[in-house]
Every structure is written in structure tokens, then in C-alpha cells.
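Report on the structure
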Amino acid sequence: MYPIDLLSPSHLFSNVLSVLNSVQLLSRKEAPGAQPTPADFEVNLQTNTGFLPEKPIPRLPEAYSAWENALTRAQEVLVLGENLTEQDTESRADGELWRSQVRGLPVISINDLKTDKQLLRRAHKVLAFLVHFYVHSIPPDQTAGSVLIPRSLATPLLEVSNILRMAPVLTFADTVLWNWDLVNPELPVTIENMHFGVELFSGTEDERNFWFGNAKVEMLGVEMLHLFNEYHSLPNVSDFASVCKINRLLTRLVTIINRVEETLMAMRDLVDPSTFYWQVRPWFNGSASGPSDPTWVFEDGPDASTLDLSGPSAGQSSVMHALDTFLDVDFKLHQRRHPAPSESNKRSDLGFMERMRRYMPGAHRDYLSHLANTSRPLRELAKSTPAVKESYNAAVSAVRKFRDSHIRIACLYVVSMARSTAIPAGCPVFAMMQRMERQRKQTGRSTGTGGNELSLLLKSNRDATTRTAI
């Protein structure tokens, strides 16, 4: 239950005049007839899990135990190949034995999974984790520009990805949306009763807390999805009652966005930047993530250049894409808005956000398209209805503030760590630090997990949000 803000007499009078003008200037924008519901796009509002499934994803049936057992073993014995020295003979042997066993697995048919969406999600998650474990556990002296993903993993992962309509690589969905269980199965699904990080690469609490922080944003985002649905369910958006309702919705939205920003900033107390950058983040990298990183080759599969293989990124969060779509943030600079984009804005990866949608489950991508194709875009309403303008701009301002905070977090966890010389030469990750420093000097920039120019991209997205205001 949300409180209703009382309007001052002057503000109320302004609202009345604005509504009367909008009724004269605009055709009556009524809610369309029968429309798809969020549930049609696997968006769960009744259970308040949003883009997360209604229930935890179960383990695969016995016929797929080879995959499950390989994942369990990987988490027990594998370490980052970058961290291995010539003296780490036992770890090297464990890694090679595990990889040889994976290469020796048969290609298991996914036919028995095709009718169960939850099992397909589990299969994608398990296979994607296995691929990343396989690639990143190889010592760098054993790679020569490319890594062959064995058909035992490549074939089923490509098939499952095709059904789910998502990239055949580890994604935000695998690591956040599908990477949880219930603390007490007898209690409802709430953030307090959810255990995140069921599968981990590093086994550290920092990694678990990183996934938990992202998941908390997703769960907070469920309130935004309810709000979007309320707006699009209004009988019309022209009369006085509707305008007042929209203002209340936007006031609620500002509160939610502020809570999302607080959750993001709280990461600083839960995730150590050094641990994240050196022990966790390297596992996320996809194919050819940097100049010296190997290209992945899927055995019996298509050319890697035809596949999306960047790895997981918060840029793949469907709930944040939904927020930007609702407010009509123009990341691609297609619309003429003020202030004009800077030269650095124009040099950034303008297609990044759209490309990240290909890493989402196809149904979630469909939801975003449905949201974008509304017959009553909120920004156009705010432009033609002065009584909505202030509330709309307040929501845009809250998103811009969130993106300012995101830039600070990225600088702390990625940019500053990439330039750090605090790792002693005797540390196992010193060789990796040297390699990444060489990469940074070659390119002159720090990259995100998707291979983008991180600082430039984040600032461009922040500036695109600024231009959304009316």
C-alpha cells in the first residue's frame, strides 16, 4: 500500500489546466483490447519473482548425470589457468584429467528435456558453466590462439540455446536468474528465503555476494514490472484521475530506483574489489574477450564469429532494460534530443545494449519488444501533458543518478583494479596481472566482460539517460 501525496492548490490547478488542454490536443488514448500478459513472456508477477522463475530449477534427470557430476567436480578441483605456475603440478594434473574426461563424454541427446522449460534452463546453465570451466582452467602456455570446445559440450549447448533463443555462453540468466535455491522449501519465495550462488567458479563469498547483489536488484525490479503493468492497464491516460494515477506511479518508481541504487552501492561492503577482479571476473570472459584471449571453436559447430560469445554482464539484466524501455532511453542516438551527444558518446559502442538482449532468454526479449511497441509511450505522454512532465523527469533523474553510481562502482571494481600494481610478484595471479596490463596498454582502455570500452560505454549510457528528460 503506497501513500497518496497531497497536491498543493497551485499544483492541483496546474494539473487541471494541463489535463483540459491535453484532452483537446490529444485523441483519447484508451487501453487497447485483449493484450498479452506478462506471464505470456515468462515474467512472473503473481509469484513476485519477475524474470526469475517461479520455483528453483531442479537438477537434471539421471540420464544427464555426467554433466551434473562434471560440474560438481569442476567446482572442487579446478583453478584459473592464469593462476597456475609450472610448479603447480598437482593442480595442472587435476585440470587436465577433468578436461580429458569431459572430452571423452558422449554427446547426450536433449530430446527428453525439450518439453520442460525448467530442465532446459538447467541444461543451459550446467553446460555453460562447464564450457567456462573448461576454457579458463587451461594454462595459458597450452593455448595457441584458439580453444576447441569439445562436441560433448558444444552440441547440446547449441541445441538448448536454440530452443531457449539465447546465446550459447554463460549469461546473466545462468548466473543470477537461475542460480538460486530456497533456504526453506516450505516457505514462500522471497529474497530472505533465497540462497544465491548455487554454482560458483571461485568458491568465495565475494562471488556469492556479487550474484546476490544482482539478484536483489532483480527482485526489487519486480515492483517496477508491476508498475509498468499498471500504467499499460489504465483505461485511458487523458482524464484527470488517470494523470493523477500516473504521477503516483512515477513517484513510486523513483523510490524503487533509489533502492536499486542503494543496493548497487552496498556491494562495496560485500564484495572485495581485488578478489572480484583477480579471482572471480576472469571466469566470465567469453571468446576473444581481449587481444591476447583465445577464440573459442565449437567442435562440429558454426564459426564462432556467427555466435554471441561475450559472457555474462549486468547489461543483460532484463529488468533494467525494461526500465529504460518504459522511459524511452535512446542508447543508439536515433532521436534528436538535448543536449547533443558528445564526440565521446558517438565513439562508444552504440549497439551494446541492443546486442546484450541476444543473451537474454527469448521470451524476455519478446517482453521488451512488447513494452517498446506500446500505443501509449510514456515519454510522448509526458511531452504533451505538462502535469506528468515533472514526475517523469524525476524518474529519469533517478536513473541518471543510478548510472552515476554505476560508473563509480565500475571504476572501483574494474578500471582501478586493471591499473593496480598492488599484486606482489610472488602472487599466483601476478602473471595474469602482467598479461592484462599489457592488454590495457595495447588498447589504451579497460573492457567490460562483453569486451566493450567500459568507461566510455557507461558514460555514454549515463548521457543518453540525461537526454531522455523533457
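None of these values were measured; they are calculated from a predicted model. (Residues numbered from 1 in each chain as written. Predicted model: local features only at pLDDT ≥ 70, side-chain atom pairs only at ≥ 80, totals over all residues. Heavy atoms only, no water.)

1. Structural notes on the overall build of the chain
This is how the line gets drawn: Here a helix means four or more residues in a row that DSSP labels H or I, a strand means two or more in a row labelled E, and each is numbered from the N terminus. Summary of the burial criterion: residues with accessible area below 20% of their type's maximum are buried, those above 50% are exposed, and those between are partly exposed, where the area comes from a 1.4 Å probe applied to protein chains only. By definition, residues are in contact when any of their heavy atoms lie within 4.5 Å. Per-residue and other accessible areas were derived by the Shrake-Rupley procedure at a 1.4 Å probe size, with only the shown protein chains allowed to occlude residues.
Each helix and strand in the chain was counted, giving 17 helices and four strands. Counting all 470 residues of the chain, 54% fall into the buried class. Excluding contacts between residues fewer than 6 apart, the proportion of contacts in the chain whose partners are at least 24 apart in sequence is 80%. With the model as given, the accessible surface of the chain reaches about 20900 Å², and the carbon-plus-sulfur share is 52%.

2. What about the nonpolar core?
Rules: To qualify as a nonpolar core, a set must consist of buried Ala, Val, Leu, Ile, Met, Phe, Trp, Tyr and Cys residues joined through side-chain atoms within 4.5 Å.
One finds Trp-67, Phe-228, Leu-253, Leu-327 and Tyr-367 to be the most contacted residues of the largest nonpolar core, which totals 134 residues. Per-element accounting of this core gives the leading share, 16 residues, to helix H15 (residues 386-418). Apart from residues lying up to four places away in sequence, Trp-67 is in contact with Leu-60, Ile-108, Ile-110, Leu-113, Ala-123, Val-126, Leu-127, Leu-130, Ser-152 and Pro-156.

3. A closer look at the UniProt feature "binding site: heme b" (unreviewed entry) in the chain
Just so we agree on the cut-off: UniProt positions are given in the numbering used here, feature names are shortened, and annotations may be inferred rather than shown by experiment.
Taking the UniProt record as the reference, the feature "binding site: heme b" (unreviewed entry) is found at His-406. Structurally, the position occupied by His-406 is in helix H15. Each residue touching His-406, except ones within four places of it in the same chain, is listed here: Leu-264 and Leu-458.

4. Description of the pattern of salt bridges
To keep it simple, the criterion reads: Basic side-chain nitrogens of Lys or Arg form a salt bridge, by our definition, when they fall within 4 Å of a carboxyl oxygen of Asp or Glu.
One pass over the structure, following the stated rule, counts 28 salt bridges. Taking the shortest distance from any N to any O, the salt bridge between Arg-259 and Glu-223 comes out at 3.0 Å. Residue Arg-259 is located in helix H8 (residues 240-270), and its partner Glu-223 is located in helix H7 (residues 205-233); the two are separated by 36 residues in the primary sequence. Overall, Arg-259 belongs to the partly exposed group, its relative accessible area being 34%. Among the residues examined, Glu-223 registers a relative accessible area of 21% and is labelled partly exposed. Asp-328 serves as the salt-bridge partner of Arg-337, at 2.9 Å between the closest nitrogen and oxygen. Taken together, the salt bridges that share partners define one network made up of Arg-59, Glu-68, Arg-122, Lys-125 and Glu-199.

5. As for the packing of helix H10 (residues 318-327) against H15
The line we're drawing: In this description, a line fitted to the C-alpha atoms serves as the axis of each element, helices being fitted only across the stretch in contact, and the angle between N-to-C directions of two axes falls anywhere from 0 to 180 degrees. We call a crossing left-handed when the near helix sits turned anticlockwise from the far one by less than a right angle, and right-handed when that turn is clockwise. Under the grouping applied here, Gly and all other residues not named as nonpolar or charged are polar, the nonpolar ones being Ala, Val, Leu, Ile, Met, Phe, Trp, Tyr, Cys and Pro and the charged ones Asp, Glu, Lys and Arg.
Where H10 meets H15, the axes come as close as 11 Å, and the angle between the chain directions of the two elements is 145°. For H10 against H15, the interelement crossing comes out left-handed. Contact residues: H10 offers Met-320, Leu-323, Asp-324 and Leu-327, while H15 offers Tyr-392, Ala-395, Val-396, Val-399, Phe-402 and Arg-403. Per-class residue counts for the contact of H10 with H15 are eight nonpolar, no polar and two charged.

6. Thoughts on the environment of Ile-470
One can find Ile-470 in the segment after helix H17 (454-466). In this structure Ile-470 comes out as partly exposed when scored by relative accessible area, which is 31%. Placed 81 residues apart in sequence, Ile-470 and Lys-389 show a C-alpha to C-alpha distance of 7.0 Å. With sequence-adjacent residues up to four places away left out, Ile-470 is seen in contact with Arg-379, Ala-382, Lys-383, Lys-389, Tyr-392 and Asn-393.

7. A closer look at the packing of aromatic side chains
Short version of the rule: By convention, a stacked pair of Phe, Tyr or Trp rings (six-membered ring in the case of Trp) has centres within 6.5 Å and planes under 30 degrees apart, an edge-to-face pair has planes over 60 apart, and any other such pair is tilted.
For the structure on display, the rule yields 18 aromatic pairs. Through pairs of rings, three or more aromatic residues link up here, namely Phe-210, Trp-211, Phe-276, Phe-284 and Tyr-413.

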